[in-house]
Amino acid sequence: MSSKRLAPVHRHPAGTNAAADRASAILEIDLGAIQRNWRMLQGKVGKAVQCAAVVKADGYGLGAAPVAKALAAAGCKTFFVATLEEGLALREMLKTAEIAVLNGLLPRTEQEVLRARLIPVLNDLGQLDVWRTLVLPLKQRPTAMLHLDTGLSRLGLSRAETQVLVGEPDRLAGVALRAIMSHLVVAEDPKHAKNAEQRRLFLAARRKLPPAPASLAASSGIFLGSDFHFDLVRAGAALYGINPLTDQLNPMSQVTHLKGKIVQVRDVDRGETVGYGAEHRMDRGGRIATVAVGYADGWFRSSKNRAMAGIAGRQVPIVGRISMDLTTLDVTGIDPALVEVGGFVDLIDAKNPVDIVGARAGTIGYEVLTALGRRYHRVYIGG
Ligand SMILES: Cc1ncc(COP(=O)(O)O)c(C=O)c1O
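Residues numbered from 1 in each chain as written. Predicted model: local features only at pLDDT ≥ 70, side-chain atom pairs only at ≥ 80, totals over all residues. Heavy atoms only, no water.

Novice: Any chance you could explain the pattern of salt bridges here in plain terms?
Specialist: Where charged atoms from two side chains of opposite charge approach closely, those side chains can pair. According to the stated counting rule, one finds twelve salt bridges in the structure shown. For Arg284, the salt bridge identified is with Asp330, shortest N-O distance 2.9 Å. Residue Arg284 is located in the loop between β12 (280-281) and β13 (286-291), and its partner Asp330 is located in strand β16 (residues 327-330); the two are separated by 46 residues in the primary sequence. Across the pair Asp297 and Arg375 runs a salt bridge, and its minimum N-O distance is 2.8 Å. Taken as a pair, Asp297 in the loop between β13 and β14 (308-311) and Arg375 in the loop between α13 (365-370) and β18 (377-381) lie far apart in primary sequence, 78 residues in all. In this structure Asp297 comes out as buried when scored by relative accessible area, which is 2%. Arg375 gets classed as partly exposed once you look at its relative accessible area, which sits at 48%. A network of salt bridges, in which partner residues are shared, links Asp129, Glu168 and Arg171. (Salt bridge = Lys/Arg side-chain N within 4 Å of Asp/Glu carboxyl O. Helix = DSSP H or I, 4+ residues; strand = E, 2+ residues; numbered from the N terminus. Buried < 20%, exposed > 50% of the residue type's maximum accessible area, 1.4 Å probe, protein only.)

Novice: Sorry, what's going on with the packing of helix α3 (residues 31-45) against helix α5 (residues 64-74) here?
Specialist: A pair of packed helices is captured by two measures, namely the crossing angle of their axes and the spacing between those axes. It is at 9 Å that the axes of α3 and α5 come closest, and there the two elements cross at 50°. Relative to α5, the element α3 lies oblique. Read as a crossing pair, α3 and α5 show a hand that is right-handed. Contact residues: α3 offers Leu31, Ile34, Gln35, Trp38 and Arg39, while α5 offers Pro66, Val67, Ala70, Leu71, Ala73 and Ala74. Each residue belonging to the contact of α3 with α5 can be placed in one class, and the counts come to nine nonpolar, one polar and one charged. (Axes fitted to C-alpha atoms, helices over the stretch in contact; angles between N-to-C directions. Parallel < 35°, antiparallel > 145°, perpendicular 65-115°, else oblique. Left-handed = near helix turned anticlockwise from the far one by under 90°. Contact = heavy atoms within 4.5 Å. Nonpolar A, V, L, I, M, F, W, Y, C, P; charged D, E, K, R; others polar.)

Novice: Could you clarify how one ought to interpret the nonpolar core in this entry?
Specialist: One broad rule of soluble globular proteins: the nonpolar side chains tend to lie buried together. Of all hydrophobic cores here, the largest spans 109 residues; its most connected members are Ile34, Leu71, Phe79 and Trp299. Residue contributions to this core peak at six residues, all from α3. Among all residues touching Leu71, those that are not within four sequence positions of it are Ile34, Trp38, Ala53, Val55, Cys76, Phe79 and Leu239. One finds Val268, Val274, Met282 and Ile288 within the second-largest nonpolar core, a separate group that totals five residues. (Core = buried A, V, L, I, M, F, W, Y, C linked by side-chain atoms within 4.5 Å.)

Structure below.
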């Protein structure tokens, strides 16, 4: 939807757009685009490989509940979350889906994991031992995933632990493994030697362990080719429209559209400053539009003087420091009739996608999405 169609909001007939009238900003999330992205990735890996959806951190900030429901409706059967709490919440919504918990089987949570039929990702030998003791007496043995660290040094069995396990295969006896997995460090750079190295380590370890489905690739890894697909891929970022290919056109559909409301428009004389710290000085007389989105909304302060916004189809610079609730735009030269209080400017859309918005703030699209504010009026479309 273009800002032109929405702006200015007060043109809507009274009573038909009350939520938009109240909102300081509208975050539109295209569930249809998320479904398309999942289908595209599933098509890319082919029928023999399963494409799981990573919906941790509240579906990368876009709402785990609506996102997971839309993906389940599109045919996704396996989901990954980071924490037990995320897993429990997702189980309430998806009664039959597979839900794996990446952060592992943590002390005093084992019974809840079992009760909710969650799949723990076992990240060390201690977790494996606890899980085995827990499930051996059970008639219907639940599955777990085994995570081998091949280079991230973050989660998963270290190489030393993997060697111990290879030498003591009984530790896995009776444990049903849904997958043996690892996670790539630099998959967004296909030329990086680390990709092949991690794959080699993963294959070598897997060969010495009991047969189980394997999973190595997340979003970018899917684009490294079929050698990296194994049996299960774990797509997160790409589902949400983040570009899995740095330095190439984004093959994913645009998912998020953030529109900030103009709350004041003013003429500013040459020499006057804009924003805290008097950092931006007008080198000519101009016009400033103040938009009700600030760093408290996850609109990064570090993007000052670099971020852009769309207004009536034109790109205008954000000038001066971003403050807690407000951002100032230089709208000099834009037809005043299109810059009205109550109208909207486009902060995230196809022209300013999350990857670019992130780069301007010195961060990545992942952080832009997961920082998206709670004050936004969220509108889910499609799906
Ligand atoms: C183990 C694991 N698998 C998959 C993913 C999804 O990665 P991406 O969002 O790059 O697709 C993550 C995300 O951090 C992860 O930690």
